[in-house]
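Coordinate inspection notes
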Amino acid sequence: MTRARNVPARRARRRRVLEKTSGQAGRRHRTFRVANEAMLHSLRYQWAHRRLRKRDFRRLWITRINAAARLNGLTYARLMNGLRLAGVEIDRKILADLAVREPQAFSRLADRARAQLA
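Attention in this report is confined to the structure presented alongside it. (Residues numbered from 1 in each chain as written. Predicted model: local features only at pLDDT ≥ 70, side-chain atom pairs only at ≥ 80, totals over all residues. Heavy atoms only, no water.)

Each helix and strand counted, the chain has 5 helices and 0 strands in total. The N-to-C order of helical and strand elements in the chain reads α-α-α-α-α. Considering only C-alpha atoms, the chain reaches an extent of 90 × 25 × 20 Å along its principal axes. Scored against the burial criterion, the 118 residues of the chain give a buried share of 22%. When contacts within the chain are restricted to residue pairs at least 6 apart in sequence, long-range pairs at least 24 apart make up 48% of them. With an accessible surface of roughly 9200 Å², the chain has 51% of that area assigned to carbon and sulfur atoms. (Helix = DSSP H or I, 4+ residues; strand = E, 2+ residues; numbered from the N terminus. Buried < 20%, exposed > 50% of the residue type's maximum accessible area, 1.4 Å probe, protein only. Contact = heavy atoms within 4.5 Å. Areas by Shrake-Rupley, 256 points an atom, 1.4 Å probe, with all protein chains shown as cover.)

Pasting the structure below:
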């Protein structure tokens, strides 16, 4: 009797891997063995970068808040301390958005922080 090699499952597995590596260059999207390794590496990078993205956004928000705070005569640390003392509980994401889209509202918050520090 001939040996069953589970062709449908094998074909499906290969198709899934080749679909995931369709944008890769060279043999990485054509040859299963190379594509499988490329896919495993990309999944590892994907996992790590999901965590790095959170750090990157926080750094961006802090940079934007610092720039807007300095336009209002404060440093980032003094602004955040003043807001904390004033009882303003706005997170960095919203503060950065206000700094970019609503400079007047951010200025009012900066004035409140400055008054609280005085």
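Time to look at the packing of helix 2 (residues 32-71) against helix 4 (residues 92-101). Axis separation between helix 2 and helix 4 bottoms out at 8 Å; the angle between their running directions is 45°. It follows that helix 2 is oblique to helix 4 by the angle criterion. The handedness of the crossing between helix 2 and helix 4 comes out as left-handed. Counting all contacts with helix 2, which are made through Arg58, Trp61, Ile62, Arg64, Ile65 and Ala68, the residues of helix 4 involved are Arg92, Lys93, Leu95, Ala96, Ala99 and Val100. Along the lines of polarity and charge, the residues of the contact of helix 2 with helix 4 split into 8 nonpolar, no polar and 4 charged. (Axes fitted to C-alpha atoms, helices over the stretch in contact; angles between N-to-C directions. Parallel < 35°, antiparallel > 145°, perpendicular 65-115°, else oblique. Left-handed = near helix turned anticlockwise from the far one by under 90°. Nonpolar A, V, L, I, M, F, W, Y, C, P; charged D, E, K, R; others polar.)

Here Asn72 shows up in the loop between helix 2 and helix 3 (76-86). Here Asn72 is in contact with Phe106, Ser107, Ala110 and Arg114, once residues within four sequence places are set aside.

On to the packing of helix 1 (residues 7-20) against helix 2, then. Across the interface, helix 1 lies against helix 2 with an axial gap of 9 Å and an inter-helix angle of 60°. Overall, the two elements helix 1 and helix 2 adopt an arrangement that is oblique. The interaxial crossing formed by helix 1 with helix 2 has left-handed handedness. On the side of helix 1, the interface is formed by Arg13, Arg14, Val17, Leu18 and Lys20, while helix 2 contributes Phe32, Ala35, Asn36 and Met39.

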